[in-house]
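Observations on the three-dimensional arrangement
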Amino acid sequence: KVRKDVLVIGAGLAGIAAAWELRKRGLNVSVLDAREGPGLETSFANAGALTPSEPEPWNAPGVHWDLIKSLFDPHAAMKLRLAPLPGLIGWGLRFLRNSTRKRHLAASKANFALSRYSLGQTQATRDELGIEFDNIQAGTLKVFQSETRMKAAATAAELLRADGLEYKVLSRSETIELEPQLAPISDRIAGAVLYPMDESGDAHAFTCALARKAEEAGV
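Okay, so let's go over this structure. (Residues numbered from 1 in each chain as written. Predicted model: local features only at pLDDT ≥ 70, side-chain atom pairs only at ≥ 80, totals over all residues. Heavy atoms only, no water.)

1. A look at the nonpolar core
Here is the rule we go by: Take the buried Ala, Val, Leu, Ile, Met, Phe, Trp, Tyr and Cys residues and link them wherever side-chain atoms come within 4.5 Å; each set so joined is a nonpolar core. Note on exposure labels: buried denotes an accessible area under 20% of the residue type's maximum, exposed denotes more than 50%, and partly exposed covers the range between, all computed with a 1.4 Å probe on protein chains only. We count a stretch as a helix when DSSP gives it H or I for four or more residues in a row; a strand needs E for two or more, and each element gets its number in order from the N terminus. By the convention used here, residues are in contact when the closest approach between their heavy atoms is within 4.5 Å.
Ranked by internal contacts, the top residues of the largest apolar core, which has 13 residues, are Ile16, Trp20, Leu129, Ile131, Phe133, Phe206 and Leu210. Breaking this core down by element, the ones donating at least two residues are α1 (13–24), α4 (101–129) and α7 (203–216). At five residues, α7 tops the list of elements feeding residues into this core. Not counting the four nearest positions on each side in its chain, Ile16 is found in contact with Gly10, Ala11, Val31, Pro38, Thr207, Leu210 and Ala211. Counting 12 residues, the second largest nonpolar core, distinct from the first, contains Phe144, Ala157, Leu160 and Met197.

2. Examining the side chain of His104
Its location among the elements puts His104 in helix α4. We classify His104 as buried; its relative accessible area is 10%. If near-sequence neighbours (up to four positions away) are discounted, His104 is found in contact with Glu56, Pro57, Asn59, Ala60, Pro61 and Asn98.

3. Details of a nonpolar patch on the surface
Going by this rule: Residues with no salt bridge and a relative accessible area higher than 30% make up the patches, which join like charges within 9 Å and nonpolar side chains (Val, Leu, Ile, Met, Phe, Trp, Tyr) within 5 Å. Note on areas: Shrake-Rupley, 1.4 Å probe, and residue coverage restricted to the protein chains presented here. When a carboxyl oxygen of Asp or Glu is within 4 Å of a side-chain nitrogen of Lys or Arg, the pair counts as a salt bridge.
A surface patch of nonpolar side chains, about 580 Å² in accessible area, is lined by Trp65, Ile68, Leu71, Phe72 and Leu82. Assignment of secondary structure puts Trp65 in helix α2 (residues 63–70).

4. Thoughts on the sheet that holds strand β5 (residues 168–170)
Filter applied, for reference: Think of it this way: DSSP has to see at least two bridges between two strands before they count as a pair. Only the stretch in contact is used when a helix axis is fitted, and all axes are lines through C-alpha atoms; the angle between N-to-C directions ranges over 0 to 180 degrees.
The antiparallel open sheet is built from three strands, whose spatial order is β4-β6-β5. Every interior strand has two partners, whereas the edge strands, β4 (140–144) and β5, have only one. Across the sheet, the mean angle separating the axes of adjacent strands is 25° when strand polarity is ignored. Of the pairings in the sheet, the one linking β4 to strand β6 (residues 191–195) comprises five bridges and is antiparallel in character. The residue bridging Phe144 from the neighbouring strand is Gly191, located in β6. Strands in contact with helix α5 (residues 147–158) are β4, β5 and β6; relative to β6, the strand with the most contacts, it is inclined by about 20°.

5. Re unusual backbone geometry
With the exception of glycine, most residues fall at negative phi, and the peptide bonds are largely trans. We note that Asp134 has phi near 55°; this positive angle belongs to a residue other than glycine. Relative to the elements of secondary structure, Asp134 occurs in the loop between α4 and β4. By relative accessible area, which is 61% here, Asp134 ends up exposed.

6. Brief notes about the packing of aromatic side chains
In plain terms, the rule: Only centres within 6.5 Å qualify two rings of Phe, Tyr or Trp (six-membered ring in Trp) as a pair; their planes then separate them into stacked at under 30 degrees, edge-to-face at over 60, and tilted for everything else.
Summed over all chains, the structure comprises two aromatic pairs. Centroid distance Trp91 to Phe95: 5.1 Å. Interplanar angle 25°. Geometry classified as stacked. Of this pair, Trp91 and Phe95 both sit in helix α3 (residues 89–97), separated by four residues, roughly a single helical turn.

7. A few points about α5
Selection criterion: A helix is expected to span 1.5 Å for every residue after the first. As used here, the arc is the angular range of directions from the helix axis to the C-beta atoms. Polar contacts here mean pairs of N or O atoms no more than 3.5 Å apart (in protein, one a potential hydrogen donor and the other a potential acceptor; neighbouring residues in sequence count only if both atoms are side-chain atoms).
Given a rise of 1.5 Å per residue, 12 residues ought to cover 16 Å, and the 16 Å separating the end C-alpha atoms of α5 matches this to within 8%. Buried within α5 are the following residues: Met150, Ala153, Ala154 and Ala157. Angular distribution of buried residues about the axis of α5 spans 100°; they occupy a single face of the element. Across α5 from its buried face, at more than 90 degrees, point the exposed residues Thr148, Arg149 and Lys151. Along its buried surface, α5 packs onto β4, β5 and β6. Backbone nitrogen of Thr148 and a side-chain oxygen of the N-cap are separated by 3.2 Å at the start of α5; the cap is Ser146.

As structure tokens, then:
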């Protein structure tokens, strides 16, 4: 007879969620963690962003130019450093090979499907168990200073509309009307893209609440 015992290492958000789902499926689950409680490492201060609207990998078409520019920009979001470069040549070539428009779009669609499913599972667990975790269901707003960058974001979003991504392009006045706190810098804003399906919350609070429910269920 095959034993149905599972040991989960790590009581962070991923570990506790896995333990809860496995327990629901009838398995005997134990969770081990080096800390005295759940969610006290990465999940403690995680941003808690539930954002299917950001599925694009960083290796977008033309990323090689951004990497070259990063050599001279100390504040670049994606930084290329020469010292470790020899050991990363193989990985780097694969990174660039997958930055074609076709492969990047395929990866974006796959990421969006996974993110949307993950958000749905989070919502279902929240509603089923009545979990309180400062959940905000107001969407996210991506604000732009450049008309060109805003149009690029809208174009990327349009490619995923058929897959279920919801978005709305807002003018400068519409952006300020939606978020009045931006009024003092309105002259620097070109507009924004609103993603109404996005949410956010406290990852630590969610992890602790789910851990309590899991323990009550026998984990």
